[in-house]
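Notes for the structure review
If you want the building blocks of each chain, they are given just below.
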Amino acid sequence: MGWTPDPEALRGHVAVVAGATRGAGRGIAAALGEAGATVVCTGRSSVRGSRDSDYHRPETIEETAELVSHLGGFGIAMQVDHLDVAQVRKLAGRLKAEHGHIDILVNDIWGAEVLKGAPATWGRPIWQHDLDDGLRMLRLGLDTHLITSHCLLPLLADRPGGLLIEITDGTSEFNAEHYRLSVFYDLVKTAVNRLAFSHGHELAAFGATALAVTPGWLRSEMMLDNYGVTESSWRRALDMARTDGYPPAPPGFAESETPRFVGRGVAAVAADPDRAQWNQRSVSSAELAHHYGFTDLDGRQPDPWTPT
C-alpha cells in the first residue's frame, strides 16, 4: 500500500503561506490542506485584480484557497503585496484578530522568474544584466521575506512550537559549490538559506523552529508552459525529437517533481513533534521524503540532488 497523507495531522493548526498563488506556494498550501490545516493563502494575484504582479498569469490566491478546502483543510485567500509594509502589517492585524496566533509561516515569496532571464542569459557578467531588473530581483526575493518575518513572527513566537519555513532554490551545501545563474539570482537564493539559519538562531529561544527547504526541479505551471506540456503529459518534454516548436527538456527533467512534493515535506516537518531537529538546517524536499517516507502524487520520491 502506498503512502497517503494523514488528514488530521495538522487539524486546528493555522498556517500562512506567503506567495501561495502558484508553483511551490500553491503546492505547500495544498499539502497543508491535505493534513487538515487552516491555510491563509497570500499573494498579489486575485480574482479582484492582480495588484502589482510581475506576471501576467491566470492563477489566483482564491484558486489556491479553494484547493486547500477541497483537500480537507480550510483555505482563506488574502490579497497582499509583501513588498508593501503597510499591507503586511494590515495582514498581521487581521491574523491577530481572526486567529490570535499562527503555527506555521512559509515564506515562499518570489515573483522574479521573468527577471532572472532566459537560459541564454545565464552566466553573463553582472554588467551585461539590466541593473533595475537585478535590484528588483533582490527586493522580490529578500525584502519580501524580511518584511513578512518582521510583521508576522510575533504571532508565531508568542508560544512554543512555531515553525518558519524559508523556500529557496538549492541547499546551502549545493549553493556553496555551484554558481546559480547570475550574481543577482545567486545572491538571493544563497541569502535565503542563511536567513533561515539566522531566524532559527533567534527563534530557538522562543521554542520555535526555522529551516530552509528547496524543491528539486519543480513542475510548476510556468515550467510546464515553458515545455508546452501539462502535468498529465509532462514526460513528453523529455522527447529529444520534438517537432512541436518547444525545446526538449534535459534528461534531468525525469527527476522533476510536482509542487505537492515539497509541500508534503513542509507538512511533515510541521506535524513532527521533534521538528526542532531541523532548526537552522537547509534541506531538500527529497531529503525530507527519505526521512519521513512521503511520496509525490505519482508515488515516487524524485531526487535530482543526489548523484547516481
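Since this is a predicted model, take the numbers as computed values, not measurements. (Residues numbered from 1 in each chain as written. Predicted model: local features only at pLDDT ≥ 70, side-chain atom pairs only at ≥ 80, totals over all residues. Heavy atoms only, no water.)

**Some words on helix α4 (residues 131-156)**
Here α4 is 26 residues long and its end C-alpha atoms lie 36 Å apart, about the 38 Å a rise of 1.5 Å per residue gives. At His150, α4 shows its maximal kink, close to 40 degrees; a proline, Pro154, follows between one and four residues later. The backbone nitrogen of Asp132 lies 3.0 Å from a side-chain oxygen of the residue at the head of α4, namely Asp130. (Helix = DSSP H or I, 4+ residues; strand = E, 2+ residues; numbered from the N terminus. Expected span 1.5 Å × (residues − 1). Bend = angle between axes of the 7 residues up to and from the residue. Polar contact = N/O pair within 3.5 Å; in protein donor to acceptor, adjacent residues only side chain to side chain.)

**Description of the packing of aromatic side chains**
Under the defined criterion, the tally for this structure stands at eight aromatic pairs. Aromatic rings pair up to connect Trp217, Tyr227, Trp234 and Phe253 into one cluster. Over the ring of Trp110 we find Lys189, and its NZ or CZ is 3.7 Å from the ring centre. Geometry around Trp234 places Arg219 over its ring, the cationic atom sitting 3.9 Å from the centre. (Phe/Tyr/Trp six-rings, centres within 6.5 Å; stacked < 30°, edge-to-face > 60°. Lys NZ or Arg CZ within 6 Å of the ring centre and 35° of its normal.)

**A word on the pairing of strand β4 (residues 104-107)**
The side-chain alternation of β4 yields two buried faces, one formed by Ile104 and Val106 and the other by Leu105 and Asn107. Sheet analysis places strand β1 (residues 14-18) next to β4, joined by four bridges and oriented parallel. Residue Val17 lies in a different strand from β4, and its bridge partner there is Val106. Bridging between β4 and strand β5 (residues 163-167) involves four bridges; their strand directions are parallel. The residue of β5 that forms the bridge with Leu105 is Leu164. Note that the unit made of β4, α4 and β5 has a crossover that is right-handed. (Buried < 20%, exposed > 50% of the residue type's maximum accessible area, 1.4 Å probe, protein only. Pairing = 2+ DSSP bridges. Right-handed = clockwise from strand over helix to strand, strands pointing away.)

**Considerations on the environment of Arg57**
Along the chain, Arg57 falls in the loop between β2 (38-43) and α2 (61-70). A sequence separation of 184 residues divides Arg57 from Ala241, and the C-alpha atoms of the two residues are 29 Å apart. Each residue touching Arg57, except ones within four places of it in the same chain, is listed here: Arg22, Glu221, Met222 and Asp225. Polar contacts involving the side chain of Arg57 include one to the side chain of Glu59, which spans 2.7 Å. Reaching out from Arg57, the side chain makes a polar contact with the side chain of Asp225 at a distance of 2.7 Å. (Contact = heavy atoms within 4.5 Å.)

**Observations regarding the environment of Leu142**
By the secondary structure assignment, Leu142 is in helix α4. Separated by 59 residues in the primary sequence, Leu142 and Leu83 place their C-alpha atoms 9.6 Å from one another. Residues in contact with Leu142, not counting those within four places in the same chain, are Val188, Ala191 and Val192.

**What to know about a nonpolar patch on the surface**
A cluster of nonpolar residues, Ile126, Trp127, Tyr179 and Val183, forms a patch on the protein surface that exposes about 470 Å² of accessible area. In this fold, Trp127 is placed in the loop between β4 and α4. By relative accessible area, which is 70% here, Trp127 ends up exposed. (Patch = residues over 30% accessible without salt bridge, like charges linked within 9 Å, V, L, I, M, F, W, Y side chains within 5 Å. Areas by Shrake-Rupley, 256 points an atom, 1.4 Å probe, with all protein chains shown as cover. Salt bridge = Lys/Arg side-chain N within 4 Å of Asp/Glu carboxyl O.)

**A few points about the pattern of salt bridges**
Two side chains of opposite charge can pair, provided their charged atoms sit close to one another. Applying the stated criterion across every chain, the model contains 19 salt bridges. Linking Arg139 and Asp143 is a salt bridge whose minimum nitrogen-to-oxygen distance equals 3.0 Å. One end of the pair, Arg139, and the other, Asp143, are both in helix α4, four residues apart, so they sit about a helical turn from each other. Since its relative accessible area comes to 27%, Asp143 is described here as partly exposed. For Asp298, the salt bridge goes to Arg300, with nearest N and O atoms at 3.4 Å. Owing to a relative accessible area of 41%, Asp298 belongs among the partly exposed residues under this scheme. Via salt bridges that share partners, Arg22, Arg57, Glu59 and Asp225 belong to a single interconnected network.

**Brief notes about unusual backbone geometry**
Backbone geometry places Leu181, a non-glycine residue, at a positive phi of 70 degrees. Although it is not a glycine, Gln280 adopts a positive phi angle of roughly 70 degrees. Relative to the helices and strands, Gln280 is located in the loop between α8 (259-271) and β7 (282-284).

**A closer look at helix α1 (residues 23-34)**
Taking 1.5 Å of rise per residue, the twelve residues of α1 would be expected to cover 16 Å, and the 17 Å separating its terminal C-alpha atoms lies within 8% of that figure. Burial analysis of α1 places twelve of its twelve residues in the buried class, which makes it a mostly covered element. All buried positions along α1 are accounted for by Gly23, Ala24, Gly25, Arg26, Gly27, Ile28, Ala29, Ala30, Ala31, Leu32, Gly33 and Glu34. Two residues or fewer after α1 comes Gly36, characterised by a positive phi angle close to 90 degrees.

**A few points about the packing of α1 against α2**
One way to put it is that α1 packs onto α2 with a least axis distance of 8 Å and a crossing angle of 25 degrees. Regarding the angle of α1 to α2, the classification is roughly parallel. Judged by the twist between their axes, the crossing of α1 over α2 is right-handed. Taking contact as the criterion, the partners of Arg26, Ala29, Ala30 and Gly33 in α1 are, on α2, Glu63, Thr64, Leu67 and Val68. (Axes fitted to C-alpha atoms, helices over the stretch in contact; angles between N-to-C directions. Parallel < 35°, antiparallel > 145°, perpendicular 65-115°, else oblique. Left-handed = near helix turned anticlockwise from the far one by under 90°.)

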